[in-house]
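# Chains, contacts and geometry: an overview
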Amino acid sequence: MFAKDFVWGVATAAYQIEGGAREGGRTPSIWDVHCRKEGAIFNGNTGETACDFYHRYKEDIALMKEMGIGAFRMSFSWNRILPEGTGRVNAAGVDFYSRVIDELLNSGIQPYVTLMHWDLPQALYERGGYMNRDFAQYFAEYAQTVAKLFSDRVKNFMTFNEPQLMLGAHRGSGKAPGLCLTDVETAPIAHNILRAHGKGVLAMRAASKGHIDIGMANQGCFFYPAEETPENIEAAKRATFEYRLPNWYSSLPWYADPIYLGRYPEPLLSRLKKYLPENWEDDMKEICQPLDFCGQNFYNAYRADENGNQVAEPAGAMYNAEHWNVSPSGIRFAAKWLYERYKLPVIITENGMCCHDWVSLDGKVHDPQRIDFMQRYLLELDRAQREGAKIGGYFCWSLLDNMEWNLGYRPRFGLVYVDYKTQQRIPKDSAHWYKKVIATQGESLREV
Ligand code: NOJ
């Protein structure tokens, strides 16, 4: 069903799993600071300890090995590697990631490293963060450092995770740094992140030892057709790529078109041009660097009618534990449209579901809804590839239950249950199920 070289993975992020927040010379990121603000995070949770991956990575990698996982998407904490954001390299931080990478490789698991998964070093925030035009240069320095130190062993990188949500964090979403700004301030922020991506790719290519694959893990608002008629499908695609809603910063094409195609999309450009920095056109060439894959996080899509307008989900529709709608056909359309528009192999860098998981009286964690969710999405992904889209891999979010940002430890997304009191890990039913999917290259998905 899925090719032999299809990448079967799980995804995580540093702040969500590592803990060890004050160890090994790590300085705070904007998330450490944000979590200390009263009322910012559900139940006052923080990532101080999280899943304690910092100390338990061997156990977690052994779990992955047992599941037959081929690739581990993790992120590096910039402030663990460069505590001041630029300049001094922290040997203890580098040593930690080196040990993790070696353990992964010795277990037959390929690391896929995201350079920045939202945890901006606080030191850089204090220098203006993404608002500072020099941010792009700082990021390039960090990217170069990582490439120099790790490209002998890590062959797959992503620059940023979900710039859409990084912008949302400046538009009142409740994520760090917890700002609520307007288009005037946020359009330049998005532009600087895109510039940082471009400069980062250039710096990594120049510093790397041998070939490395580089991409970005985007989010975006996708629409799926309410009825699968040619007109409705076209309308849903238009609504996705000719984005018109006020929250432009959540859209896919505002970021994806510049990095893959070298241009901002219309009609958003006409609306936002006046907020972009002077001579922004001169930056587009650097922003658009050749990339090796199109990384896409995909959880859900919104339902659109034949005019491309968003319509409510039908009564009785499926939702996850945080009330995000479940829309399996959305991943098929997304994968096909991404491949058609950007012409790169698509890697689903995140997909998964939070459920109301708990330990049953038999000591196990039964999560039939997660299994059904993944089965539905993976079958649709297979259909997308049979209909012509090139799909390179699939990463389930997440290996472990973890710190879901401002929602704290409430949502459980893991294939493996974490008891946060004892740090005990219990592979859920879905972990055993995913193991079989991987072992059969997806053939077992046909069993219903
Ligand atoms: C997107 C983010 O990249 C990740 O950090 C988050 O935990 C999951 N989606 C689930 O919301």
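Before going into details, it helps to say that this report is about the structure given with it.

Parameters at a glance
- Residues numbered from 1 in each chain as written.
- Predicted model: local features only at pLDDT ≥ 70, side-chain atom pairs only at ≥ 80, totals over all residues.
- Heavy atoms only, no water.
- Helix = DSSP H or I, 4+ residues; strand = E, 2+ residues; numbered from the N terminus.
- Buried < 20%, exposed > 50% of the residue type's maximum accessible area, 1.4 Å probe, protein only.
- Contact = heavy atoms within 4.5 Å.
- Phe/Tyr/Trp six-rings, centres within 6.5 Å; stacked < 30°, edge-to-face > 60°.
- Lys NZ or Arg CZ within 6 Å of the ring centre and 35° of its normal.
- Near = heavy atom within 4 Å.
- Polar contact = N/O pair within 3.5 Å; in protein donor to acceptor, adjacent residues only side chain to side chain.
- Areas by Shrake-Rupley, 256 points an atom, 1.4 Å probe, with all protein chains shown as cover.
- Nonpolar A, V, L, I, M, F, W, Y, C, P; charged D, E, K, R; others polar.
- Pairing = 2+ DSSP bridges.
- Axes fitted to C-alpha atoms, helices over the stretch in contact; angles between N-to-C directions.
- Parallel < 35°, antiparallel > 145°, perpendicular 65-115°, else oblique.
- Left-handed = near helix turned anticlockwise from the far one by under 90°.

Below, the discussion takes up the environment of Ala-217. Relative to the helices and strands, Ala-217 is located in strand S5 (residues 213-218). Ala-217 gets classed as buried once you look at its relative accessible area, which sits at 0%. For the pair Ala-217 and Phe-157, spaced 60 residues apart in sequence, the C-alpha to C-alpha distance is 9.8 Å. Excluding residues that lie within four positions of it along the chain, Ala-217 makes contacts with Arg-73, Met-158, Phe-160, Asn-161, Glu-162, Pro-163, Gly-295, Asn-297 and Thr-349.

Time to look at the packing of aromatic side chains. Across all of its chains, the model carries 40 aromatic pairs by this definition. Ring geometry for Trp-118 and Trp-405: centres 4.6 Å apart, planes at 40°, overall tilted. With a gap of 287 residues between them, Trp-118 in the loop between strand S3 (110-116) and helix H6 (122-125) and Trp-405 in the loop between strand S10 (391-397) and strand S11 (416-419) connect regions that are remote in the sequence. Residues Trp-118 and Trp-405 agree in their burial class; the two are buried. An aromatic cluster is defined as three or more aromatic residues linked by ring pairs; in this entry it consists of Phe-53, Tyr-54, Tyr-57, Phe-72, Phe-76, Phe-96, Tyr-97 and Phe-150. Sitting over the ring of Tyr-138, Arg-127 keeps its end group 4.6 Å from the ring centre. One residue, Arg-332, lies across the ring of Phe-333, its end atom 4.7 Å from the ring centre.

Around the ligand, the structure places 13 residues, and the nearest of them are Gln-16, His-117, Asn-161, Glu-350 and Glu-404. Between the ligand and the protein, one listed contact pairs a nitrogen atom with a side-chain N or O atom of Tyr-299 at 3.2 Å. In this structure, an oxygen atom belonging to the ligand sits 2.5 Å away from a side-chain N or O atom of Glu-404. Starting from 290 Å² of accessible surface for the ligand in isolation, the protein chains cover 96%. Split by residue class, the shell around the ligand holds six nonpolar, four polar and three charged.

The next subject is the pairing of S11. By the bridge criterion, four bridges tie S11 to strand S12 (residues 424-427) in an arrangement that is antiparallel. Within the sheet, the bridge partner assigned to Tyr-417 lies in S12 and is Ile-426. Connecting S11 to the next strand, S12, in antiparallel fashion are four residues, including Gln-423 with a positive phi near 65°.

For strand S2 (residues 71-75), a buried count of five out of five residues is recorded, marking the element as mostly surrounded by other parts of the structure. Neither face of S2 is open: one carries Ala-71, Arg-73 and Ser-75, the other Phe-72 and Met-74, and all of them are buried. As paired elements, strand S1 (residues 7-11) and S2 share three bridges and run parallel to each other. Residue pairing for S2: Val-10 is matched across the bridge by Phe-72. Judged from the five bridges that link them, S2 and S3 form a sheet pairing that is parallel. Directly across from Ala-71, in S3, lies its bridge partner Gln-110.

Moving on to the packing of helix H10 (residues 230-241) against helix H14 (residues 328-342). One can describe the packing of H10 onto H14 by two numbers: an axis separation of 11 Å at closest approach and a directional angle of 65°. Taken together, the axes of H10 and H14 lie roughly perpendicular to each other. Note that H10 runs across H14; the crossing there is right-handed. When H10 is examined against H14, the residues Ile-233, Ala-236, Lys-237, Thr-240 and Phe-241 are found in contact with a partner set consisting of Phe-333, Trp-337, Glu-340, Arg-341 and Tyr-342. Among the residues forming the contact of H10 with H14, the class breakdown is six nonpolar, one polar and three charged.

Cis geometry marks the peptide bond from Ala-176 to Pro-177, where omega comes out at 10°. Within the secondary structure layout, Pro-177 lies in the loop between helix H8 (163-168) and helix H9 (183-207). Of the consecutive residues Trp-397 and Ser-398, the connecting peptide bond is found in the cis state with omega at 20°. By secondary structure assignment, the location of Ser-398 is in the loop between S10 and S11. Its identity as a non-glycine residue notwithstanding, Glu-162 has a phi of 45°, on the positive side. Its location among the elements puts Glu-162 in the loop between strand S4 (156-161) and H8.

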